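The chain contents come next:
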Amino acid sequence: MSKLVDAAMAIEDWSCLKGEYLTDLADEIIDEFNLSLDDLTAIQEFSCIGTDSDKEVMEFIELELLERLDNENQT
C-alpha cells in the first residue's frame, strides 16, 4: 500500500506545482499584454484557442484578473 500512497503524493505534488506554474504564467501574460477581462473574452472567441490546455490557462488568467479587480476594489 505504501507504493500507492507514494504515487498519490507524487501526483498531488505535481498538481500543486502545475497550479503554481499556471498562476505565474497567467500573471506574466496579463502583465505583458495588459489584459483585461474584456480582452480575455475576445481571445476566447479566437478559432485557434480551444484545446484543453488553452482553456486551462485562460481559466487561470480569468482567476488572476478577478483577484486583481477584487484587490483594487478593497483599496
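Here the structure is shown first, and the text comes after it.
Now for a description of the structure that goes with this document. (Residues numbered from 1 in each chain as written. Predicted model: local features only at pLDDT ≥ 70, side-chain atom pairs only at ≥ 80, totals over all residues. Heavy atoms only, no water.)

**Focus: unusual backbone geometry**
Trans is the prevailing form of peptide bonds, just as negative phi is the prevailing case for residues other than glycine. The backbone of N34 shows a phi angle near 50°, a positive value even though the residue is not glycine. Classification of N34 as exposed rests on a relative accessible area of 63%. (Buried < 20%, exposed > 50% of the residue type's maximum accessible area, 1.4 Å probe, protein only.)

**A short note on the pattern of salt bridges**
Within this structure, the stated rule accounts for 3 salt bridges. One salt bridge in this structure joins E56 and K18, with 3.2 Å as the shortest N-O distance. Of this pair, E56 sits in helix 3 (residues 52–74) while K18 is found in helix 1 (residues 2–33), placing the two residues 38 residues apart along the sequence. Residue classification places K18 among the partly exposed positions, given a relative accessible area of 31%. Of the charged contacts in the structure, one is a salt bridge between R68 and D27, with a shortest N-O distance of 3.1 Å. Linking R68 in helix 3 with D27 in helix 1, this pair joins segments that are 41 residues apart in sequence. Each of the salt bridges in this network shares a partner with another, and the network as a whole consists of D27, D31 and R68. (Salt bridge = Lys/Arg side-chain N within 4 Å of Asp/Glu carboxyl O. Helix = DSSP H or I, 4+ residues; strand = E, 2+ residues; numbered from the N terminus.)

**A word on the nonpolar core**
In terms of nonpolar packing, the biggest core is built from 9 residues, these being L22, A26, I30, L40, V57, M58, F60, I61 and L65. Of all elements in the fold, only helix 1 and helix 3 reach the threshold of two or more residues within this core. The element contributing the most residues to this core is helix 3, with 5 residues. Discounting residues that sit within four places of it in the chain, M58 has contacts with L40, I43, Q44 and I49. (Core = buried A, V, L, I, M, F, W, Y, C linked by side-chain atoms within 4.5 Å. Contact = heavy atoms within 4.5 Å.)

**Re the side chain of E64**
Residue placement: E64 occurs in helix 3. For the buried residue E64, which engages in no salt bridge, the nearest side chain bearing the opposite charge is R68, 5.1 Å off. Sequence-distant contacts of E64, defined by excluding residues within four places in its chain, comprise T23, A26, D27 and I30. (Lys, Arg positive; Asp, Glu negative; His and termini not counted.)

**A short note on the packing of helix 1 against helix 3**
In contact at an axis separation of 8 Å, helix 1 and helix 3 are set at 70° when each is read in the N-to-C sense. On the basis of their axis angle, the class for helix 1 and helix 3 is roughly perpendicular. In the packing of helix 1 onto helix 3, the handedness of the crossing is right-handed. Judged by residue contacts, K18, G19, L22, T23, L25, A26, D27, I29, I30 and D31 of helix 1 engage E56, V57, F60, I61, E64, L65 and R68 from helix 3. Here the contact of helix 1 with helix 3 is composed, by residue class, of 9 nonpolar, 2 polar and 6 charged. (Axes fitted to C-alpha atoms, helices over the stretch in contact; angles between N-to-C directions. Parallel < 35°, antiparallel > 145°, perpendicular 65-115°, else oblique. Left-handed = near helix turned anticlockwise from the far one by under 90°. Nonpolar A, V, L, I, M, F, W, Y, C, P; charged D, E, K, R; others polar.)

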